[in-house]
Amino acid sequence: TRVLTNAANEGKREGIRSAGIAAFSPAQLLMMLPHGLVTVSLLTALYTQLSEAASRGDDVAVMRQHEQGLRIPAPLLLPVVALVLATVPLVTATLFFRSPLSETEAIASVLVGLFGGIVPLGWVYLNDRVFYAQQQTFWSFRTQCVVTGISVTVALVASTLSGYYGIAVLPL
């Protein structure tokens, strides 16, 4: 939040368009829509079989379910990602038609970075479910520590960049 606010304030001082928290929040909600509809739905259905295999101690079946979970969402998500990225100005202008053009452009710039990570987000979500099914939550915790460490590092790097570039780096 601090990086986004500082970048927006710096952009105003420099007289350039710069997205802030007001653009990041709706862009993140738009990114979560296909993630929730596709990835969460498919992996929730897969979780029952995954849990049953883990409870039996059938590691081969767990790995098979894991591989299936890695493959299933991508063919559904990638066309959505490609369509949104190809039409991002139209998507934001349509969904936020009451907002000024500069605001919809700011949302679009953040959305491009966020949609680039939608498939890897699903992989992290799946890996967590595999760890939960095997009652190895310490791995999920460690993975989240790595993800948080990377996020903090990227936020620190983004905070050193000028307004527009900092906001372009942060969603990635």
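Just above, that's the structure.
## Concerning the packing of helix H2 (residues 21–56) against helix H6 (residues 101–115)
Move 1: For the pair H2 and H6, interaxial distance at closest approach is 8 Å and the crossing angle is 40°. Looking at the two axes, H2 sits oblique to H6. Considering the relative orientation of H2 and H6, their crossing is right-handed. The segment H2 lies against H6, with Ala-23, Phe-24, Pro-26, Ala-27, Gln-28, Leu-30, Met-31 and Pro-34 engaging Ala-106, Ile-107, Val-110, Leu-111, Leu-114 and Phe-115.
Move 2: By residue class, the composition of the contact of H2 with H6 is 13 nonpolar, one polar and no charged.

## A short note on the pattern of salt bridges
Move 1: The final tally for this structure, using the stated rule, is one salt bridge.
Move 2: The shortest N-O distance in the salt bridge between Asp-58 and Arg-56 comes to 3.6 Å.
Move 3: The partly exposed category is assigned to Asp-58, whose relative accessible area is 28%.
Move 4: Residue Arg-56 is classed as exposed on the basis of its relative accessible area of 55%.

## Quick look at the nonpolar core
Soluble globular proteins: nonpolar side chains tend toward being buried together.
Move 1: In terms of nonpolar packing, the biggest core is built from 26 residues, with Val-110, Leu-111, Phe-115 and Ile-118 touching the most fellow members.
Move 2: Of all the elements in the fold, those that place two or more residues in this core are helix H1 (2–14), H2, helix H4 (73–86), H6 and helix H7 (118–133).
Move 3: Element by element, the count of residues in this core is highest for H6, at seven residues.
Move 4: If you look at the next biggest cluster of nonpolar residues, it comprises eleven residues, including Ala-53, Ala-54, Ala-61 and Val-130.

Calculation notes
Residues numbered from 1 in each chain as written. Predicted model: local features only at pLDDT ≥ 70, side-chain atom pairs only at ≥ 80, totals over all residues. Heavy atoms only, no water. Axes fitted to C-alpha atoms, helices over the stretch in contact; angles between N-to-C directions. Helix = DSSP H or I, 4+ residues; strand = E, 2+ residues; numbered from the N terminus. Parallel < 35°, antiparallel > 145°, perpendicular 65-115°, else oblique. Left-handed = near helix turned anticlockwise from the far one by under 90°. Contact = heavy atoms within 4.5 Å. Nonpolar A, V, L, I, M, F, W, Y, C, P; charged D, E, K, R; others polar. Salt bridge = Lys/Arg side-chain N within 4 Å of Asp/Glu carboxyl O. Buried < 20%, exposed > 50% of the residue type's maximum accessible area, 1.4 Å probe, protein only. Core = buried A, V, L, I, M, F, W, Y, C linked by side-chain atoms within 4.5 Å.

Everything listed here is a matter of geometry and, on its own, says nothing about what the molecule does.
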